[in-house]
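If you want the building blocks of each chain, they are given just below.
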Amino acid sequence: AQKITQTQPGMFVQEKEAVTLDCTYDTSDPSYGLFWYKQPSSGEMIFLIYQGSYDQQNATEGRYSLNFQKARKSANLVISASQLGDSAMYFCAMRGFSVKLSFGAGTTVTVRA
Amino acid sequence: NAGVTQTPKFQVLKTGQSMTLQCAQDMNHNSMYWYRQDPGMGLRLIYYSASEGTTDKGEVPNGYNVSRLNKREFSLRLESAAPSQTSVYFCASSGGGEKNIQYFGAGTRLSVL
């Protein structure tokens, strides 16, 4: 079984500052993938970034980067230079050998002007 | 590009009524999924179809049935709706490969009175 834990229900960040969203995971699969999704108030789920368990480097996609610490089983999302449009709920998810994703409970980010 | 299309967007049912949620994808993906999202709980997998002709239970399958009609379409049926099935339902699809990223539809907001 896989478990994803997001311990921050909500966070506030000032515009143009960076914010780190925590995600820890637990799995017995030797190979797995980690994902982050964004859900704005409109409700759709938007894929942001992927990290494979055997990837040597941390994933980056524009202003999003994933701080992957395998030994600590953490996959934190860093959003740099926050914008008002980054206000949303963010979900960490993980996939093991199966095609199934397991999601965390999410973190709400509010960007202040 | 349509991506993953869900119908309807909103639905209100009375307890005991039945309905089918429709999902279609135009990305030629092999795998399709149905999730429900409840406040504070992230997304939970109801059923999935790893490939055309196969379906499997997810985390919360009770009270639901699915049909993988063809490669494009994957429907979710509530035979006898209950208030506990009030939720937002998401369909997703993925095309395989190392990342096997899931792409989501816009969701269906269902209320059971």
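Residues numbered from 1 in each chain as written. Chains lettered and ligands numbered in written order. Predicted model: local features only at pLDDT ≥ 70, side-chain atom pairs only at ≥ 80, totals over all residues. Heavy atoms only, no water.

**Re the sheet that holds strand β8 (residues 74-78) of chain B**
Residues and elements named next belong to chain B. Here we have 4 strands laid out as an open sheet, ordered β1-β3-β8-β7, and antiparallel in their pairing. One side of each edge strand has no neighbouring strand; the edge strands of this open sheet are β1 (4-7) and β7 (64-68). For this sheet the average axis-to-axis angle between neighbouring strands, irrespective of direction, equals 15°. Here strand β3 (residues 19-25) pairs with β8 via 3 bridges, running antiparallel. The residue bridging Met19 from the neighbouring strand is Leu78, located in β8. (Pairing = 2+ DSSP bridges. Helix = DSSP H or I, 4+ residues; strand = E, 2+ residues; numbered from the N terminus. Axes fitted to C-alpha atoms, helices over the stretch in contact; angles between N-to-C directions.)

**Quick word on the side chain of B:Arg44**
Looking at where B:Arg44 falls in the secondary structure, it is placed in strand β5 (residues 43-49). For B:Arg44, the contacting residues outside a window of four places in its chain are B:Trp34, B:Tyr35, B:Arg36, B:Asp38, B:Glu59 and B:Val60. (Contact = heavy atoms within 4.5 Å.)

**A closer look at the interface of chain B and chain A**
Chain B puts 18 residues into the contact, and the matching count from chain A is 17 residues. Of the roughly 1500 Å² buried between chain B and chain A on both sides combined, carbon and sulfur atoms contribute 60%. Counting across the chain B and chain A interface gives 5 residue pairs in polar contact (both at pLDDT 80 or more). Those elements giving two or more residues to the side of chain B that touches chain A turn out to be β4 (31-37), β5 and β10 (102-104) of chain B. For the side of chain B that touches chain A, the element with the highest residue contribution is β4(B), accounting for 4 residues. (Buried area = accessible area lost by both parts, 1.4 Å probe. Polar contact = N/O pair within 3.5 Å; in protein donor to acceptor, adjacent residues only side chain to side chain.)

**Considerations on the environment of A:Tyr64**
Residue and element names in this part refer to chain A. Checked against the element boundaries, Tyr64 lands in strand β8 (residues 64-69). A residue is classified by how much of its surface remains accessible, and Tyr64, at 13% relative accessible area, is buried. With 49 residues separating them along the chain, Tyr64 and Ala113 place their C-alpha atoms 20 Å apart. Not counting chain neighbours up to four residues away, the residues in contact with Tyr64 comprise Lys38, Leu48, Ile49, Ala59, Leu77, Val78, Ile79 and Asp86. (Buried < 20%, exposed > 50% of the residue type's maximum accessible area, 1.4 Å probe, protein only.)

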